[in-house]
Structures are given as C-alpha cells and as structure tokens.
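Each chain, written out:
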Protein chains: 2
Amino acid sequence: MCDLLRINVDRGVMIGDGKSRFTISGQPIFHFVGTSTFSEYTVIHVGCLAKINPEAPLDKVCILSCGISTGLGATLNVAKPAKGSTVAIFGLGAVGLAAMEGARLAGASRIIGVDINPAKYEQAKKFGCTEFVNPKDHDKPVQEVLIELTNGGVDRSVECTGNINAMISAFECVHDGWGVAVLVGVPHKDDQFKTHPMNFLSEKTLKGTFFGNYKPRTDLPNVVEMYMKKELELEKFITHSVPFSEINTAFDLMLKGESLRCIMRMED
Amino acid sequence: MCDLLRINVDRGVMIGDGKSRFTISGQPIFHFVGTSTFSEYTVIHVGCLAKINPEAPLDKVCILSCGISTGLGATLNVAKPAKGSTVAIFGLGAVGLAAMEGARLAGASRIIGVDINPAKYEQAKKFGCTEFVNPKDHDKPVQEVLIELTNGGVDRSVECTGNINAMISAFECVHDGWGVAVLVGVPHKDDQFKTHPMNFLSEKTLKGTFFGNYKPRTDLPNVVEMYMKKELELEKFITHSVPFSEINTAFDLMLKGESLRCIMRMED
C-alpha cells in the first residue's frame, strides 16, 4: 500500500545527513516511516511534527495518525455534505466509520452504510448509520439499489474499501447534477476504474483524497481540538487495548477484522 | 446525440395539451425541439423562454443557444480556473474555442490548445490560445507531453471532442492535488472511461457538464450582458452568413469543419 502511494518507508534515516539517530550496541536502529513511534522518546524531522493541545490524552488522539483522519477528512474536507443531506459510506471498517463520523458531524440526515458483512451494521449505528444495504442481498448492482432507495441518488458517497467495483458503484450511485463521490480506498495496482462518460455529462463529480486532504502539521491540531470539545468521539473507535509485549495479538485482531483500533500500552 | 442526452426532439407538441400550435393546409406542423425557431414568429412553452436585453442584436446572440454557451460555461462555471493559471483545451472546434474564450475571460495565463489538426492553431490564437500541442507529433500519450510541458500538469482541462481517449488524456494531464478536468464532449454510447484509480487518490478531480451548468432561463440573460459589455466576443465565432434558402450550404460548411457558426438570414 505504501509502495503504491509512493510513501518511502525504507529510508529509515534522517533526510538531512542520511543517518539514524538511534543505536543499540553500536549498531544503527532505523526510523520506521521516519518516526519510530514504537519508542517512548524519538527524534523526528521537524516536518513530521505537529504540536497539539498538551491536555490531549495521547492514548486517545494517537489514533488520528492515519486511517481515522483520512476517513474523517474525506467527508469533512472533500465530500462536504450539506446539513440534512444523504450520504452513502462504502465499507464499514475503521476508515469507513471515520467517514461516517464525518457525515454525522456535518449533519447528514440519512447515512447509508454499504458492506457485504451484515454484522457491521450494529457497530455502525454508533457512528450515525441510519440505514444498511448489503450488496449481496440484491440481484442488481448496488448503485441501482441506492438510486431507488433515495429516489434519484445519494448527495455524497465515500468509498473506503479499495475494491474497484465498490469504487465504480460509489461513483454511479450519486445524484445527477450535484452528486459528489470521494474515493478513499487504496486500489490494487492493476485495477482500472471504468464508467460510461455520460455519468460525467450528467454532472456527477468524482474525486479522491490522500489523508483526507488534511495538511498534517497545520490541520491535525484542529482535529485534536474537535475531540477536546467533545464534537468528535474517538473512544468508540478504540475497541481493544493490549500491553506492548502482546503486539502480535493486536495484529491478529486487526487481520481478523475484530478490532477497529487497538491501543498498545507501554507498560502494564 | 440528443438521444444519448435524453433530450426529447420527437415530441414536437406543447406539453400542456399534446397539440401543435401551427398548421399548414389543415395539417399540423410540429415544434422541433419544442421551439420551432426556423420561423419568424413562434409559440413556445414558457419554460423554454429566456428574456434578454432588448438591445441585443439577435443575429449575434442567437449563437448562445447551445454549443457556445456549453463551452463557455464549462470553463467559467465548472472548471473555474484561477487568474494566472494554466488551462488545456482538448478540441478546437466551436465548443472548444468557446471553452477557450472562457479561460481567456477568467484570466488564465497559459492556454494550451490540443488538436490533431494543426490548421486549427491560427484561429485559436484569436480566442487566447498561447500554445498548441498536436498529439500526432508525439510518440508518448499527450497527457505525458502536457505534464512535462507544465512541470507537473495543467491546473484545469476542458475536453470538447467527445473522443474517449481525449477524455482520459484530459483527466490524466491535470495536476495532482488540485487539478480539475471537465468533460464536455458527447461520447459514443458504447464508450468506457478507464483510468487507474490512483489518479483520484492523488487528488485530481473529474467532472462533466451539460449546457455548461447554465440554467438557461436565469443565466442566459447574463451571458448576453457579458456580450453587451464587450467582455465576451461573439463576432469571432460567426465565420459565415447565408440566406435561409441556402441552408444546405450552411450544413455543408459545418460538416466539412469550415465554419464555426454560420448565421442564416431570413431575407436577403
């Protein structure tokens, strides 16, 4: 994924002098993604640093590092649903639920969750989900189901699966004239997005986003403030917590799709 | 084309009572596209009527009926280039030149015309064209040529050919992060727009437009005012004028690509 997005995770050294800042027994320890945040103290390039409210609890706001901010920003910064509008969210994993939280904060009145796993609906309700559509329950393409359900199409859609067919459905289900679809999911490198160009002439808009269009240094402190003002709820994303020594349990929970976010504690 | 756009040209009768308002020798004459504008006087549905400045010369502003407004609005209402930005226009027919006129009015500083016919460049200069790219002069895809020429991509592109490959090029040539491509050309009914979805994640936006997003009754009077204030130039679109009896000459000029707009005079 990082390779496709051209994020350099291999560098592992400071960009200024090409060296690491850590050693163990005289051997360098490299900086993973330039941050090395699996340590209690770290040295990072100033460009990787965002100063946030010192009152913010780090064991909560740490989840704003990537996926949650991406989903939230995809809705708040890119899709920008009007108050009272109808929003479809494709994929109800942590990123999709963050996009849903954005729709709730924006005041959307219908928030339709789309997922092939019906078990996701219960959890999604906590994030503002008002309706659930399972593409497997229908013989026709899910975009047609959504167009019927909303009498013409949703106002905004946000795609958080990375599945190319979900991307196409997310685009085609928005309303002619004003509908905006936002692609967030990371596609397979050989995928092709295909649609009939008439869908553009009928004035649907297609956009994508990287990190929810947030500029991390400038914007993350404000996202933290949204949490401090109790507008944005982060606790509901944190489904698990394990001591650092059990990091592999955390990976298992993630891979099985059982956790949204698992906090790792440095001591226990 | 009208069929693909779902414009009902067959109806030919008033929507209220399903009848025509004209007869000849007792036989009904139908209203073509609901307007019958090949007559000196006509009866139309109030929804088809826009009241414009009575001082406006009808033999000039009549060209605002469809393609010219579409191209102009595609740039001014949808692409919305900032002053000083770089705009690529694909296809230098009348619609493309109207889109180019929009870029000139918006204050774009680089306006790149893209067409497979190099003869179009001379005429395009009158519409603000500062550079010309002929895809046939290059071995690589024209989007790559434009990305090199502009050191990263154009700020805005407007596609006015209807060719599916030009649509894809017009999208892929815009700059990551803020580029917007607008599709105006009417595609073939079997066409598929194909691109790698990473182009969306890198924050390019793709839109289309019908009639340049102008609402005819509300907005056309203002376009006429732009002409009356000598901001918008219409004369340069009018390359020919023939008496009505020579209507077939006008069609020949259009089909051969020799005219931009040919005015038909009711008497001579």
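The model shown is predicted, which means the values in this text are computed figures rather than measured ones.

Comments concerning the overall build of chain A
Each helix and strand counted, chain A has nine helices and 11 strands in total. Relative to the globule expectation of 18 Å for 268 residues, the C-alpha radius of gyration of chain A, 20 Å, shows essentially globular dimensions. Counting only C-alpha atoms and orienting by the principal axes, one finds that chain A spans roughly 65 × 35 × 35 Å. Relative to its full complement of 268 residues, chain A shows a buried share of 46%. Of the accessible surface of chain A, which amounts to about 13,700 Å², a share of 54% is contributed by carbon and sulfur atoms. Taken as two groups, the 28 positive and 31 negative side-chain charges of chain A have centres that lie 4 Å from each other.

Digging into the interface of chain B and chain A
The interface is formed by 32 residues belonging to chain B together with 32 residues belonging to chain A. With both chains or domains summed, chain B and chain A bury close to 2,500 Å², and 61% of this area falls on carbon and sulfur atoms. The largest contributions to the chain B side of the interface with chain A come from Phe200(B), Leu201(B) and Glu203(B), which together make up 24% of the buried area. Along the contact surface separating chain B from chain A lie 11 residue pairs in polar contact (both at pLDDT 80 or more). At the level of secondary structure, the elements contributing two or more residues to the side of chain B that touches chain A comprise helix 6 (164-172), strand 8 (193-195), helix 7 (198-201) and strand 9 (205-208) of chain B. Broken down by element, the residue count for the side of chain B that touches chain A peaks at four residues, all from strand 9 of chain B. Residue classes in the side of chain B that touches chain A are distributed as 15 nonpolar, nine polar and eight charged.

Focus: the relation of the copies chain B and chain A
When chain B is fitted to chain A, the residual RMSD is 0.0 Å, and the transformation amounts to a turn of 180° plus an axial shift of 0.0 Å. On the angle and the small slide along the axis, the relation comes out as a two-fold axis. Scanning chain B for the C-alpha nearest the rotation axis identifies Lys194(B), at a separation of 2.3 Å. The share of interface residues of chain B whose copies in chain A are also at the interface is 97%, consistent with both copies meeting through the same surface.

Let's talk about the packing of helix 2 (residues 67-79) of chain B against helix 3 (residues 94-106) of chain B
All names here are of chain B. Viewed as axis vectors pointing N to C, helix 2 and helix 3 meet at an angle of 40°, and their least axial separation amounts to 7 Å. One way to sum up the angle between helix 2 and helix 3 is to call them oblique. Considering only the axes of helix 2 and helix 3, their crossing is right-handed. Every residue of helix 3 that contacts helix 2 at Gly67, Ile68, Gly71, Leu72, Thr75 and Leu76 is listed here: Ala94, Val95, Ala98, Ala99, Glu101, Gly102, Ala103, Leu105 and Ala106.

Re the domain arrangement of chain A
Parsing chain A into structural domains produces domain 1 (1-49) and domain 2 (80-212). Just the C-alpha atoms count here: the centres of domain 1 of chain A and domain 2 of chain A sit 36 Å apart.

Some points on the nonpolar core
Counting 48 residues, the largest nonpolar core has Phe90(A), Phe193(A), Leu206(A), Phe90(B), Phe193(B) and Leu206(B) as its most contacted members. Here Phe90(A) is in contact with Val114(A), Val142(A), Leu146(A), Ser157(A), Val158(A), Glu159(A), Cys160(A), Thr161(A), Ala166(A), Ser169(A), Ala170(A) and Cys173(A), once residues within four sequence places are set aside.

Some words on the UniProt feature "domain: Alcohol dehydrogenase-like C-terminal" (unreviewed entry) in chain A
Following the UniProt record, one finds the feature "domain: Alcohol dehydrogenase-like C-terminal" (unreviewed entry) at residues 94-226 of chain A. The span residues 94-226 of chain A carries 38% helix and 17% strand; its end-to-end C-alpha distance comes to 18 Å.

Considering the side chain of Ser202(B)
Residues and elements named next belong to chain B. As for its position among the elements, Ser202 is in the loop between helix 7 and strand 9. Its relative accessible area of 15% is what places Ser202 among the buried residues. A polar side-chain atom of Ser202 sits 3.1 Å from a polar atom in the side chain of Asp176. If we ignore the near neighbours within four places in the chain, the residues touching Ser202 are Asp176 and Gly177.

Structural notes on the pattern of salt bridges
Proximity of charged atoms lets side chains of opposite charge pair with each other. All names here are of chain A. Inspection of the entire model under this criterion finds 22 salt bridges over all chains. Between Asp176 and Lys204 there is a salt bridge, with the nearest N and O atoms lying 3.2 Å from each other. One end of the pair, Asp176, is in the loop between helix 6 (164-172) and strand 7 (180-183); the other, Lys204, is in the loop between helix 7 (198-201) and strand 9 (205-208), and 28 residues separate them in sequence.

Overview of the environment of Glu55(B)
For Glu55(B), the position within the fold is in the loop between strand 2 (27-29) and helix 1 (58-61). Separated by 173 residues in sequence, Glu55(B) and Met228(B) place their C-alpha atoms 8.5 Å apart.

Examining helix 9 (residues 247-255) of chain A
One turn of an α-helix holds 3.6 residues; hence residues three or four places apart share an orientation. Residue and element names in this part refer to chain A. Residues Ile247, Ala250 and Leu253 constitute the buried set of helix 9. Viewed end-on, helix 9 has its buried residues packed into an arc of 115°, placing them on one side of the element. Residues of helix 9 that are exposed and angled more than 90 degrees away from the buried face: Asn248 and Leu255. For helix 9, the elements touching its buried residues are strand 10 (238-243) and strand 11 (261-265). In the stretch just after helix 9, Gly257 is the one whose phi turns positive, near 75°.

With respect to the side chain of Lys204(A)
Here Lys204(A) falls in the buried class, since its relative accessible area comes to 4%. Separated by 2.5 Å, the side chain of Lys204(A) and the backbone oxygen of Val174(A) make a polar contact. Setting aside its immediate chain neighbours within four residues, Lys204(A) contacts Phe171(A), Glu172(A), Val174(A), His175(A), Asp176(A), Gly177(A), Gly179(A), Asn199(A), Leu206(B), Lys207(B) and Gly208(B).

As for the pairing of strand 10 (residues 238-243) of chain B
All names here are of chain B. Taken together, the five bridges between strand 10 and strand 11 (residues 261-265) define a ladder with parallel strand orientation. Opposite His240, over in strand 11, you have Cys262 as the bridge partner. Where the polypeptide runs from strand 10 across helix 9 (residues 247-255) and back to strand 11, its parallel neighbour, the crossover connection is right-handed.

With respect to unusual backbone geometry
All names here are of chain A. For Glu203, which is not glycine, the phi dihedral falls at a positive 70°. Look at Asn213: it is not a glycine, yet its phi comes out positive at around 60°. For Asn213, the position within the fold is in the loop between strand 9 and helix 8 (216-228). Note on Asn213: relative accessible area 26%, which makes it partly exposed.

About the criteria used
Along each chain, residue indices are assigned from 1 in the same order as the chain's sequence is written. To label them, take the chains in the order written and letter them from A, then take the ligands in the order written and number them from 1. Whole-chain, interface and lining totals are the exception, using all residues; otherwise, since this is a predicted model, local features are given only for residues with pLDDT of at least 70 and side-chain atom pairs are given and counted only at 80 or more. Side-chain descriptors were evaluated using all non-hydrogen atoms of the structure, hydrogens and water having been removed beforehand. In this description a helix means any DSSP run of H or I spanning at least four residues, a strand means any run of E spanning at least two, and both kinds are numbered starting from the N terminus. Radius of gyration: over C-alpha atoms. The globule rule applied is 2.2 Å multiplied by the number of residues raised to the 0.38 power. Each residue is placed in one exposure class: buried if its accessible area under a 1.4 Å probe, protein chains only, is under 20% of its type's maximum, exposed if it is over 50%, and partly exposed if it falls in between. Calculation of accessible area relied on Shrake-Rupley with a 1.4 Å probe; when residues are assessed, cover is drawn exclusively from the protein chains displayed. Positive: Lys, Arg. Negative: Asp, Glu. His and the chain ends are not part of the count. Where a charge sits is defined by one atom per residue type, namely NZ (Lys), CZ (Arg), CG (Asp) or CD (Glu). Contacts are residue-level and defined by heavy atoms, with any inter-residue pair within 4.5 Å sufficient. The quantity reported as buried area is the accessible area (1.4 Å probe) lost by two parts once they are put together, taken as the sum for both. In protein, a polar contact means a hydrogen-donor-capable atom and an acceptor-capable atom, both N or O and within 3.5 Å, with residues adjacent in sequence counting only if both atoms are side-chain atoms; elsewhere, any N or O pair within 3.5 Å suffices. Amino acids are sorted into nonpolar (Ala, Val, Leu, Ile, Met, Phe, Trp, Tyr, Cys and Pro), charged (Asp, Glu, Lys and Arg) and polar (every other residue, Gly among them). For the least-squares superposition of copies, only C-alpha atoms count, and only for residues with pLDDT at least 70 in both. Note on method: axes are straight lines fitted to C-alpha atoms, helices fitted across the in-contact stretch only, with angles between N-to-C directions ranging 0 to 180 degrees. Each angle gets one of four labels, with under 35 degrees taken as roughly parallel, over 145 as roughly antiparallel, 65 to 115 as roughly perpendicular, and the rest as oblique. If you view the pair so one helix is near and one far, a crossing is left-handed when the near helix is turned anticlockwise from the far one by less than a right angle, and right-handed when it is turned clockwise. Each domain's extent was defined by an automatic or database domain assignment. Here, nonpolar core refers to any group of buried Ala, Val, Leu, Ile, Met, Phe, Trp, Tyr and Cys residues whose side-chain atoms link them within 4.5 Å. UniProt positions are given in the numbering used here, feature names are shortened, and annotations may be inferred rather than shown by experiment. For this analysis, a salt bridge means a side-chain nitrogen from Lys or Arg found within 4 Å of a carboxyl oxygen belonging to Asp or Glu. Working definition: the arc comes from the directions between the helix axis and the C-beta atoms, pointing outward to the latter. Between any two strands, pairing holds if DSSP finds at least two bridges. Look down the strands so they point away from you; if the path from the first strand over the helix to the second goes clockwise, the crossover is right-handed.

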